[in-house]
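Secondary and tertiary structure notes
This is what each chain is made of:
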Amino acid sequence: MSEQESLKSSSARNRGGVQRVEGKLRASVERGDYYEAHQMYRTLFFRYMSQAKYAEARELMYNGALLFFSYNQQNSAADLSMLVLESLEKSGAKVDDETLEHLTKLFSLMDPNSPERVAFVSRAIKWSSGGSGKLGHPKLHQLLALTLWKEQNYSESRYHFLHSSDGEGCAQMLVEYSSARGFHGEVDMFVAQAVLQFLCLKNKTSALVVFTTYTQKHPSIEKGPPFVQPLLNFLWFLLLAVDGGKLTVFTVLCEQYQPSLKRDPMYNEYLDRIGQLFFGVPPKQSSSYGGLLGNLLNSLMGSGEEEEGEEAQEDSSPIELD
């Protein structure tokens, strides 16, 4: 038997063994022996991990978590979900679409108000970043954003859309968010925040897409440009100015639209950052941003050195509209 055939045979035997074990565990859960089944899953997980059978351990925990979720055993399911992440972390597994979809599936089944969900999503984002910072993989953020959108958790959905580069999806969510929960006079403010925050992340493409899609699809916005709302005209000119990079244009634009920009005190703070990124404006003297602005920009751009627990909360927290 060749080496390749031997490997295939060994893999088939392992798969058969996992299926037999899963059958026994499923029967235990179906009998209502939840605690016993949970402990058996954990024992098998650590056995497989000690044998470096990472894929088998991960598959067993993923299927076990789905099984416990189907019986509304949230605590056991969440625990096995965390073991899925542990197997990914310790095996050095590469990020791929299937794994990200599995993680999002587990996230979607967790109680939205549980602390386990917050811990899970923070750890999943950290793993998906592959050690290249803490912002996480854009595909994972997109899947999380879509899940939260379905739950009508619009503010957290927006946070993840900002890190997903999915400007079109973000715009469509914001149209629904504005229509469902916003005042008619705030229709322009929903997209303004997203455009400015995308620009603070140096993502010009998504900023343009979210603006264009939102203004085209929102039922309360008349076709433009130019628009009835001055703030929308400001955003349109700003996106043009960012491509040109001329400081005088940016300065005049901000001066001319100050009445609209004063509607939210954060707008000028975001524009200070945009001025630095795209127009060569030097940072302010006190430009290690502090207070509320510092917290918002650090959360938005993933800067700063936090302890792991603080980082977990930051990664899963939305940037509030108000």
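Residues numbered from 1 in each chain as written. Predicted model: local features only at pLDDT ≥ 70, side-chain atom pairs only at ≥ 80, totals over all residues. Heavy atoms only, no water.

1. Concerning the layout of surface pockets
One number sums up the size of the second largest pocket: a volume of about 300 Å³. Contributing to the lining of the second largest pocket are 19 residues, with Leu 208, Phe 211, Thr 212, Trp 236 and Leu 239 lying nearest its centre. Looking at the lining of the second largest pocket element by element, the count peaks at seven residues for helix α11 (residues 204-217). Within the lining of the second largest pocket, the residues separate by chemical class into 10 nonpolar, five polar and four charged. (1 Å grid on protein atoms, 1.4 Å probe; cavity = no way out; pocket = protein on both sides within 12 Å on 5 of 7 lines; lining within 4 Å. Points joined across faces, edges and corners; volume = space filled by probe spheres on them. Helix = DSSP H or I, 4+ residues; strand = E, 2+ residues; numbered from the N terminus. Nonpolar A, V, L, I, M, F, W, Y, C, P; charged D, E, K, R; others polar.)

2. Focus: helix α3 (residues 54-70)
Along an α-helix, a turn takes 3.6 residues, which lines up residues three or four apart on a common side. Spanning 17 residues, α3 covers 24 Å between terminal C-alpha atoms, matching the ideal 24 Å at 1.5 Å per step. Within the span of α3, buried status applies to Glu 56, Ala 57, Leu 60, Met 61, Tyr 62, Gly 64, Ala 65, Leu 67, Phe 68 and Phe 69. One or two steps after α3, the chain reaches Asn 72, where phi turns positive at roughly 60 degrees. (Expected span 1.5 Å × (residues − 1). Buried < 20%, exposed > 50% of the residue type's maximum accessible area, 1.4 Å probe, protein only.)

3. A short note on the packing of aromatic side chains
A ring pair, where both rings are aromatic, is described by two values, the distance of the centres and the angle of the planes. Counted under the stated rule, the structure contains 11 aromatic pairs. Seen in terms of ring centroids, Tyr 34 and Tyr 71 are 6.2 Å apart; in terms of plane orientation they differ by 55 degrees. Their pairing is tilted. On the criterion of sequence distance, the pair formed by Tyr 34 in helix α2 (residues 34-50) and Tyr 71 in the loop between α3 and α4 (74-91) is long-range, its members being 37 residues apart. For Tyr 34, a relative accessible area of 24% corresponds to the partly exposed category. Each ring, one from Phe 234 and one from Tyr 257, has its centre 5.6 Å from the other, and the planes form 55 degrees; the classification is tilted. One end of the pair, Phe 234, is in helix α12 (residues 230-244); the other, Tyr 257, is in the loop between α13 (247-256) and α14 (258-261), and 23 residues separate them in sequence. Each member of the pair, Phe 234 as well as Tyr 257, carries the same accessibility label: buried. Pairwise contacts between aromatic rings join Phe 234, Trp 236, Phe 237 and Tyr 257 into one cluster. A cation sits over an aromatic face here: Arg 117 above Phe 107, 3.8 Å from the ring centre. (Phe/Tyr/Trp six-rings, centres within 6.5 Å; stacked < 30°, edge-to-face > 60°. Lys NZ or Arg CZ within 6 Å of the ring centre and 35° of its normal.)

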